[in-house]
Amino acid sequence: MHLLETKDLGIVFGGLQALNELHMVIDDGEIVGLIGPNGAGKTTVFNLLTGVYVPSGGAIRLEGNSIIGKKPYQINRIGIARTFQNIRLFKNMTVADNIKVAMNQNMKYKILTAMFRLPGCWRQEREVDKKARELLRIFDMEDTADQMAANLPYGQQRKLEILRALASKPKLLLLDEPAAGMNPTETRDLMETIRDIRGRFNVAILLIEHDMSLVMNVCERLYVLDYGTLIAEGSPDKIRKNEKVIAAYLGC
Amino acid sequence: MGGTKKSIGVSYIINTTLVVLLFFVLLIFINTGVIGRYNTQVLTLVCINIILAVSLNLVTGVLGQLVLGHAGFMLVGAYASALFTKNIGLPLSISFPISLLLGGLLAALFGVVIGIPALRLRGDYLAIITLGFGEIIRVVSYNLEITNGAKALSGIKSLSNRQNPSPMFIYAFLIAVFIIVILFTFGRSRHGRAVISIREDEIASESMGINTIYYKLFVFVFAAFIAGVAGGIFAHNYGTIDPAKFDFNRSVEILIMVVLGGMGSITGSIISAGSLTILSEKLRDFSQYRMILYSVILIIVMLFRPSGLLGRYEISVPKILRYIKKRSSNKKVPPEAREE
Ligand SMILES: Nc1ncnc2c1ncn2[C@@H]1O[C@H](COP(=O)(O)OP(=O)(O)OP(=O)(O)O)[C@@H](O)[C@H]1O
Ligand SMILES: [Mg+2]
């Protein structure tokens, strides 16, 4: 059984077929790339996988179970977490609190317990605080924990979004252009960290990225979209030589 | 946040002491007649308005959903609790607290009915729907027999009287303190973080596992409940209510208190609700200009402090002391070493 499987997945926006019959599989612990020219439908795939859009047709299965019709928060709880192409942090919350929001689903104490500060909540709050700070260490960001997220430099905002997604304990992590706006050194570091994360958290990663050399480097398999249609899939070497892919990228 | 455990403990003790002190000082003044009956009523109204402002702040400031009909929930609570104590035939000392709970619950029920359709949608539907609710509930209560129609509902008994002038104030004060405390602890819990994350980015919040509809509905209904309780105290504080007391202007008045204090700041709401209430009572003779006065204050604050007096921050006496200490010690440091 695959971790994730889509069959004939498609969506139409008022006449525009933004995605057409996508077949895709991802197995545990894989790093898979999703590439394609602007407007190819990559982000749309993420929105479908996370329940933001409801597909016009087709199936999405996580560990064999259909997730179509589930709400985004339910899908996150059963194991898919994402980052956004245009960063969506909780800007006026602290860095640590951003992460703790994602950990909410694994905390137990009730609203009344919170209002009356009963013992349970202290313990859980301490635990979650410790975990949040530990997570920040992955990107050497532990000293930013009490800053407002809005005050982080751009690169760290992108990293915080990844950490926030990880905090929800996903089996599949979707990263939408995580290196956008970073310089080459930062990008290389980030890719190292992505490999590291895969090992440490035992998570599969689906990665949208524009920087081709980078994708080729870090991904084990690639899917290539153009105008909402899958035009190629396979290993980086295979994709590099694929004529359709070359044409699609030269054409734009 | 960020403070050490010890400093949190210390400020907790200081704040508690100050509130207890304030309470007993006021109580002694009221019982000895230093604060007269009229001013006691005003103080009770201050507490009521604080309750209303902090509850609206929860929805509009913390959750980020605009509500334009908070007075409507107050109306429901006011009439429900007044009619209950008038008709139940129990001693007021028993029926009054029950009536407050009842008023709150009925207001909460209206909150559920309005909230479910409005909050399932993303966007500012709640503002429009609550605006409509406020107007409809007022017009309906003008025309019902049970509310005594356009004539005021009068003869609502108060717990306070000449011999014992303080019970209404005690109720209002203690309920205000209680509500403020639970809103604080709620706000700093995992649930509070979830609610704030919805204000910050609803889509991101939902994709991080937050059941946004559940939290939006809870917060809105809870605020409606609190407004209902405030309405109940209000009715018994004045003895007479009519629908005009809960009109759109009243909703806006509460909203202004929240905006002035700083959206999302509980202490900000307390300060602005307190000062605006006292100010408008002192300027009673010019009451027709009250909304103009509010508007002018609002414009001035928005010009100079667009996020309200306190923005999203909370203040407390220990914090102020720490701030003053820091400033005075900073002055002694040479300027080039003073980098933050
Ligand atoms: N909610 C929507 N309503 C209408 N059209 C949409 C919607 N979302 C996406 N589209 C359209 O679907 C197509 C694919 O968009 P998508 O954002 O998935 O592209 P992308 O591959 O992520 O591109 P980029 O590299 O620029 O991020 C585009 O033509 C876009 O305009
Ligand atoms: Mg995109």
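These numbers come from a predicted model, not from an experiment.

Along chain A, the regular secondary structure elements total ten helices and ten strands. Expected size for 252 residues packed as a compact globule is a radius of gyration near 18 Å; at 19 Å, chain A falls within 12% of this value. Based on the C-alpha atoms only, the size of chain A along its principal axes is roughly 65 × 40 × 35 Å. By residue count, 56% of the 252 residues in chain A fall in the buried class. Counted over contacts in chain A with a minimum sequence separation of 6, partners at least 24 positions apart contribute 66%. Of the accessible surface of chain A, which amounts to about 11,200 Å², a share of 49% is contributed by carbon and sulfur atoms. With 33 positive and 30 negative side-chain charges, chain A shows a separation of 7 Å between the mean positions of the two kinds.

Okay, helix α3 (residues 70-88) of chain B next. All names here are of chain B. Compared with an ideal rise of 1.5 Å per residue, which puts 19 residues at 27 Å, α3 spans 27 Å between its outermost C-alpha atoms and is within 8% of the ideal. The element α3 is extensively covered by neighbouring structure, given that 16 of its 19 residues are classed as buried. Backbone geometry just downstream of α3 places glycine 89 in the positive-phi region, at approximately 75 degrees.

Let's shift gears to the pairing of strand β4 (residues 57-62) of chain A. Residue and element names in this part refer to chain A. Pairing geometry for strand β1 (residues 4-13) and β4, over five bridges, is antiparallel. When the sheet's bridge partners are listed, glycine 10 is paired in β4 with glycine 57. Note that β4 and strand β5 (residues 65-66) share two bridges and pair antiparallel. The residue of β5 that forms the bridge with arginine 61 is serine 66. What sits between the antiparallel neighbours β4 and β5 is a turn of two residues, in which glutamate 63 has the positive phi angle 50 degrees.

All names here are of chain A. Under the domain assignment, chain A is made up of domain 1 (1-79 + 170-252) and domain 2 (87-168). For domain 1 versus domain 2, the distance between C-alpha centres works out to 26 Å. Contacts between the two partners involve 16 residues from domain 1, matched on the other side by eleven residues from domain 2. Of the roughly 1,300 Å² buried between domain 1 and domain 2 on both sides combined, carbon and sulfur atoms contribute 71%. At the junction of domain 1 with domain 2, the criterion picks out zero salt bridges. At the boundary of domain 1 with domain 2, the tally comes to four residue pairs in polar contact (both at pLDDT 80 or more).

Attention now goes to the pairing of strand β2 (residues 16-26) of chain A. All names here are of chain A. Examined bridge by bridge, β1 and β2 share seven bridges and lie antiparallel to one another. Its bridge partner being in β2, glutamate 5 is matched across the sheet by valine 25. Linking two consecutive strands that pair antiparallel, namely β1 and β2, is a turn of two residues; a positive phi of about 40 degrees is found at glycine 14 within it.

Facing the 33 residues of chain A at the interface are 31 residues of chain B. Here chain A packs against chain B, burying approximately 3,000 Å² in sum over the two surfaces, 62% of which is carbon and sulfur. The interface formed by chain A and chain B holds two salt bridges in total. We note a salt bridge from arginine 88 of chain A to aspartate 201 of chain B, for which the minimum N-O separation is 2.9 Å. The tally of links from chain A across to chain B stands at 17 residue pairs in polar contact (both at pLDDT 80 or more). Every element with two or more residues in the side of chain A that touches chain B is listed here: α2 (72-77), α3 (95-103), α4 (111-115), α5 (119-137) and α6 (154-167) of chain A. Grouping the constituent residues of the side of chain A that touches chain B by class yields 16 nonpolar, four polar and 13 charged.

Rules used throughout
Residues numbered from 1 in each chain as written. Chains lettered and ligands numbered in written order. Predicted model: local features only at pLDDT ≥ 70, side-chain atom pairs only at ≥ 80, totals over all residues. Heavy atoms only, no water. Helix = DSSP H or I, 4+ residues; strand = E, 2+ residues; numbered from the N terminus. Rg over C-alpha atoms; globule rule 2.2 N^0.38 Å. Buried < 20%, exposed > 50% of the residue type's maximum accessible area, 1.4 Å probe, protein only. Contact = heavy atoms within 4.5 Å. Areas by Shrake-Rupley, 256 points an atom, 1.4 Å probe, with all protein chains shown as cover. Lys, Arg positive; Asp, Glu negative; His and termini not counted. Charge placed at Lys NZ, Arg CZ, Asp CG, Glu CD. Expected span 1.5 Å × (residues − 1). Pairing = 2+ DSSP bridges. Domains from an automatic or database assignment. Buried area = accessible area lost by both parts, 1.4 Å probe. Salt bridge = Lys/Arg side-chain N within 4 Å of Asp/Glu carboxyl O. Polar contact = N/O pair within 3.5 Å; in protein donor to acceptor, adjacent residues only side chain to side chain. Nonpolar A, V, L, I, M, F, W, Y, C, P; charged D, E, K, R; others polar.

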